[in-house]
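Listed below, chain by chain, are the residues.
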Amino acid sequence: GRYLLEQFVRIPVEVDLASEFRYRSPMVDKDTLVMTVTQSGETADTLAGLREAKRCGSKVVSICNVVGSSIARDSDGVIYTNAGPEIGVASTKAYTSQVTAFILFTLYLGAIRGTLSAETRKNMIAALRQLPEQVKAQLADQQSILDCTDKYYKATSALYLGRSYNYPSALEGALKLKEISYIHAEGYAAGEMKHGPIALVDDSLPVICVCTQSAVYDKMVSNIQEIRARNGRIVAVATEGDENIKAHAESVIYIPKCEEFVSPILVQIPLQLFSYHVAVKRGCDVDQPRNLAKSVTVE
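Residues numbered from 1 in each chain as written. Predicted model: local features only at pLDDT ≥ 70, side-chain atom pairs only at ≥ 80, totals over all residues. Heavy atoms only, no water.

A word on the sheet that holds strand E8 (residues 251-255)
Across the sheet, which stays open at both edges, the five strands sit in the order E5-E4-E6-E7-E8 with parallel pairing between neighbours. Bordering the open sheet on either side are strand E5 (184-189) and E8, each of which pairs with just one other strand. When strand polarity is set aside, the average angle formed by the axes of neighbouring strands in this sheet is 20 degrees. The strands that helix H9 (residues 217-228) touches are strand E4 (157-162), strand E6 (206-210) and strand E7 (233-239); relative to E6, the one it contacts most, it runs at about 170 degrees. (Pairing = 2+ DSSP bridges. Helix = DSSP H or I, 4+ residues; strand = E, 2+ residues; numbered from the N terminus. Axes fitted to C-alpha atoms, helices over the stretch in contact; angles between N-to-C directions. Contact = heavy atoms within 4.5 Å.)

Encoded structure:
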């Protein structure tokens, strides 16, 4: 959401963990729009942050899946994700629909603020309309993901790296792996790798690198080369047609060609399928991971 709004609407955006927001005397007021993101609409720390924002005079718009939930009722406006009931705890649709909601909100705000031309909006909508068929194609051919599963399901730790729009993809990919397979995993901004995580790299560590065609592609390739020099095992998530990446990675998973701003949706499909297949191969219950609840109703 931050990357989208800052690039296309040209307003500064700050991202906060809801559980920290109200304990730091947040500097928000009537000129600040606060957005909360929640699947259930009942998450305790998000609800508390929402109420703190309103106490400070801010308007609150929420991205939420459950109609009539506490957060939906307390918000000044709601963008419903309409993803349907969340049966599994670690669902893909909750994440992808929230990202889609941010794109739609960006289109709306960019239009009314005049930062997005009609032509740019048309092209962005066209990119969105391609997503269903692109996702279907990804789901239909999972062989490269299954091949990766065979290689890495016995790992005890994994590192996920991304830049720009796909730094959050690294975070989400690592989250899902640890949630359902119980493998320790960390997501990092690739540029921060040398500030610590590179010490973990050896020939037993799978490093999943989101290296799709983008403005930061060359930077990601450079990061991959640094990992390879230390015997790290590279899994690259790359754009269809990128043959060059095969020279730098032990395994490659391709996503369809797309605009950079929608790439997190297409990147997340194989990352979550990878987590799913690894968990199944390890004998884990992917629908009801241990210690997790569908709605976190206490702080």
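Points about the sheet that holds strand E2 (residues 59-64)
Read across the sheet, three strands follow the order E1-E2-E3 without closing on themselves; strand pairing throughout is parallel. This sheet does not close on itself; its edge strands, each paired only once, are strand E1 (33-38) and strand E3 (77-80). Pairs of neighbouring strands in the sheet enclose a mean axial angle of 20 degrees, with direction left out of account. In terms of strand pairing, E2 meets E3 through four bridges, oriented parallel. For Cys64, the partnering residue across the bridge sits in E3 and is Tyr80. Its contacts with the sheet place helix H5 (residues 92-113) against E1, E2 and E3, and it is angled at close to 155 degrees to E1.

With respect to the nonpolar core
Judged by nonpolar contacts, the single largest core of 42 residues is most densely connected at Ile103, Tyr160, Leu177, Phe261 and Phe274. Core analysis: the second largest hydrophobic core is formed by 21 residues, Leu161, Ile198, Ile227 and Ile234 among them. (Core = buried A, V, L, I, M, F, W, Y, C linked by side-chain atoms within 4.5 Å. Buried < 20%, exposed > 50% of the residue type's maximum accessible area, 1.4 Å probe, protein only.)

A short note on the packing of aromatic side chains
Under the counting rule described, the total for this entry stands at two aromatic pairs. Ring centres of Tyr3 and Tyr165 lie 5.5 Å apart, and the angle between their planes is 45 degrees; this geometry places the pair in the tilted category. A residue pair is termed long-range when its members are at least 10 positions apart, and Tyr3 in helix H1 (residues 2-8) and Tyr165 in the loop between E4 and helix H8 (167-181) qualify at 162 residues. With a relative accessible area of 29%, Tyr3 lands in the partly exposed category. On the accessibility criterion, Tyr165 (7% relative accessible area) is buried. Consider the rings of Phe8 and Phe261, whose centres lie 5.9 Å apart with planes at 80 degrees: the pair is edge-to-face. Pair noted here: Phe8 is in helix H1 and Phe261 is in the loop between E8 and helix H10 (263-281), with a separation of 253 residues, a long-range link. Judged by its relative accessible area of 12%, Phe8 falls in the buried class. (Phe/Tyr/Trp six-rings, centres within 6.5 Å; stacked < 30°, edge-to-face > 60°.)

Thoughts on the layout of surface pockets
Where empty space is left in the structure can be found by rolling a water-sized probe over the atoms. Looking at the second largest pocket, its volume works out to about 580 Å³. Taken together, 25 residues make up the lining of the second largest pocket; nearest its centre are Ser91, Thr92, Lys93, Thr96 and Ile269. The set of elements that each furnish at least two residues to the lining of the second largest pocket consists of H5, helix H6 (118-140), H8 and H10. Class assignment for the residues of the lining of the second largest pocket results in 14 nonpolar, seven polar and four charged. (1 Å grid on protein atoms, 1.4 Å probe; cavity = no way out; pocket = protein on both sides within 12 Å on 5 of 7 lines; lining within 4 Å. Points joined across faces, edges and corners; volume = space filled by probe spheres on them. Nonpolar A, V, L, I, M, F, W, Y, C, P; charged D, E, K, R; others polar.)

Note that all results are geometric; they support no functional claim without further evidence.
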